[in-house]
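One letter stands for each residue in the lines below.
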Amino acid sequence: MNMLRNNRREFLGTTLTAATAAGIAQGGFFSSSTYGKENKKLGVALVGLGSLSTNQIAPGLLNSAHCKLTAIVTGTPEKEKKWADKYGIQSDHIYNYQSFEKIASDDSVDIVYIVLPNSMHAEFTIRAAKAGKHVLCEKPMANSAADCRAMIDACKAADRKLAIGYRCQFEPHHMKSMQIARSKELGAIKMIEAGFGFTIGDPKQWRLRKELAGGGALMDVGIYALQSCRYLLGEEPKMITAQETKTDAAKFAEVDESITWLMQFPSGVLAYCSTSYNFNGLNRFQAFTDKGFIRMDPAFGYSDVRLETSKGKVELQAQDQFATEMDNFAKCILEDQNSKVSGEEGLKDLLAIEAIYKSIATRTTVAVES
Ligand code: NAD
């Protein structure tokens with residue numbers, strides 16, 4: 001497990017320091033009328049205290065202007081004291097998976113942030129919504145489009161907000177690339193190439209078990225490449241053709257190792273994407289336009305991303321992606337707006353992912369459901 005964590009950490013980059021992240025705290029987007037005079041932060045309960053919670057989200061919450069960690073939900077009792085001491089969490093705000101429903105009467109918790117293996121996202125989103133909490137759920141939203149729809153319905157029924165942990169959509173370089181693409185200042189996009197992959201470690205981890213992960217590299221990191229095409233274009237893919245290969249059939253017996261897929265968008269743009277669990281170095285997108293290109297390489301790590309266009313390098317101040325993501329969700333809750341990374345966004349990715357798997361299984365070009 002350590003090997004995996006190290007691999008992923010090296011690959012995605014390290015957490016930003018509080019000093020680097022301080023910029024976001026100053027860029028407040030709350031009007032005083034909506035945020036209240038006492039400037040109280042919204043309380044967050046983290047569900048699942050694994051690698052992402054430990055190394056990124058909890059430190060990110062310390063950098064958040066509008067959210068703070070107030071409760072934890074864990075299946076590992078040994079983690080309770082360590083987290084309580086480190087983050088000052090009171091013992092009556094510590095839950096396990098069985099006692100989770102008690103969170104309903106915990107007024108310190110406004111938001112439940114689900115950071116569990118993918119197959120558990122739907123169950124805990126629905127339980128959190130029923131407990132009256134807003135939900136931030138990690139990507140991929142769920143293992144199937146049907147589960148995504150059930151999560152959206154549960155949050156609607158409980159009148160709670162739902163957002164998916166698509167941190168790149170709040171990252172300044174990604175936001176700038178979207179703005180350049182959508183404004184057509186370099187002309188219209190004609191074609192996109194995108195990919196994300198890494199060498200996965202421990203063969204026993206949940207990411208290689210279909211029941212827990214839903215799929216392999218595509219569900220875990222290919223989803224970043226898929227999303228970048230969607231948010232650069234502002235369109236949904238309509239037809240997909242995909243092909244898979246396994247060079248290590250034993251390790252990847254249950255989930256995909258490497259996939260390439262071709263998406264056709266309504267405007268006629270083609271996007272060709274790749275993902276893998278079996279090599280490093282693929283971490284980019286490039287959109288070719290009438291007058292040039294928009295490129296991010298590396299694109300999808302927690303830090304040290306690089307944006308370049310045919311006009312030159314674009315330098316922007318880095319921000320803590322998790323603090324920014326959580327502050328945006330707080331704004332949506334307090335101003336009663338839908339998140340731009342809503343459950344419906346998560347569902348659209350799962351619909352495309354299901355089309356990719358169907359194309360591989362049927363060896364045909366598949367229409368994406370809507
Ligand atoms: P991890 O393996 O480090 O942690 C998973 C946690 O779930 C652990 O605390 C583990 O104890 C708990 N758990 C509960 N039931 C389990 C079970 N049956 N099997 C295994 N673990 C179980 O994983 P992670 O890297 O923290 O990923 C968690 C989620 O966050 C995943 O959905 C992943 O896709 C997502 N993630 C998102 C990003 C991002 O950049 N947004 C990065 C990494 C992971």
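For clarity, every value in this text was computed on a predicted model and none was experimentally measured.

Q: Explain the packing of aromatic side chains to me, using residue names and the numbers behind them.
A: Taken as a whole and assessed by the stated rule, the structure comprises 10 aromatic pairs. When the ring of F285 is compared with that of F300, the centres are 6.4 Å apart and the planes differ by 50°; the resulting orientation is tilted. Of this pair, F285 sits in strand β11 (residues 283-289) while F300 is found in the loop between β12 (293-296) and β13 (307-309), placing the two residues 15 residues apart along the sequence. Residue class for F285 comes out buried when judged on its relative accessible area of 0%. Assessed through its relative accessible area of 0%, F300 is described here as buried. Through a chain of ring-to-ring contacts, the aromatic side chains of F196, Y224, F285 and F300 assemble into a single cluster.

Q: Explain helix α12 (residues 343-362) to me, and be specific about the residues and the numbers.
A: Taking 1.5 Å of rise per residue, the 20 residues of α12 would be expected to cover 28 Å, and the 28 Å separating its terminal C-alpha atoms lies within 8% of that figure. With its phi angle positive at about 55°, R363 sits one or two positions after the end of α12.

Q: For the pairing of β12, give the residues involved together with the corresponding values.
A: As paired strands, β11 and β12 are joined by four bridges and run antiparallel to one another. Bridging from a neighbouring strand, F285 pairs with M296 of β12. The antiparallel pairing of β11 with β12 creates a hairpin that spans three residues between the two strands. In terms of strand pairing, β12 meets β13 through three bridges, oriented antiparallel. Paired with R295 across the bridge in β13 is E308.

Q: Please provide a residue-by-residue account of the sheet that holds strand β15 (residues 366-367), values included.
A: As summarised here, the arrangement of the nine strands in space is β14-β13-β12-β11-β7-β10-β9-β8-β15, forming an open sheet in which the pairing is mixed. On the outer flanks of this sheet lie β14 (312-314) and β15, each paired with one strand and no other. For strand β8 (residues 239-245) and strand β9 (residues 258-264), the ladder comprises seven bridges, and the chain directions are antiparallel. Bridged to E244 within β9 is I259. Across the face of the sheet, helix α8 (residues 172-183) comes into contact with β7 (189-197), β11, β12, β13 and β14 while running at roughly 165° to β12. Those strands touched by helix α10 (residues 217-233) are β7, β9, β10 (270-276) and β11, and its axis lies near 160° from that of β7.

The rules we used
Residues numbered from 1 in each chain as written. Predicted model: local features only at pLDDT ≥ 70, side-chain atom pairs only at ≥ 80, totals over all residues. Heavy atoms only, no water. Phe/Tyr/Trp six-rings, centres within 6.5 Å; stacked < 30°, edge-to-face > 60°. Helix = DSSP H or I, 4+ residues; strand = E, 2+ residues; numbered from the N terminus. Buried < 20%, exposed > 50% of the residue type's maximum accessible area, 1.4 Å probe, protein only. Expected span 1.5 Å × (residues − 1). Pairing = 2+ DSSP bridges. Contact = heavy atoms within 4.5 Å. Axes fitted to C-alpha atoms, helices over the stretch in contact; angles between N-to-C directions.

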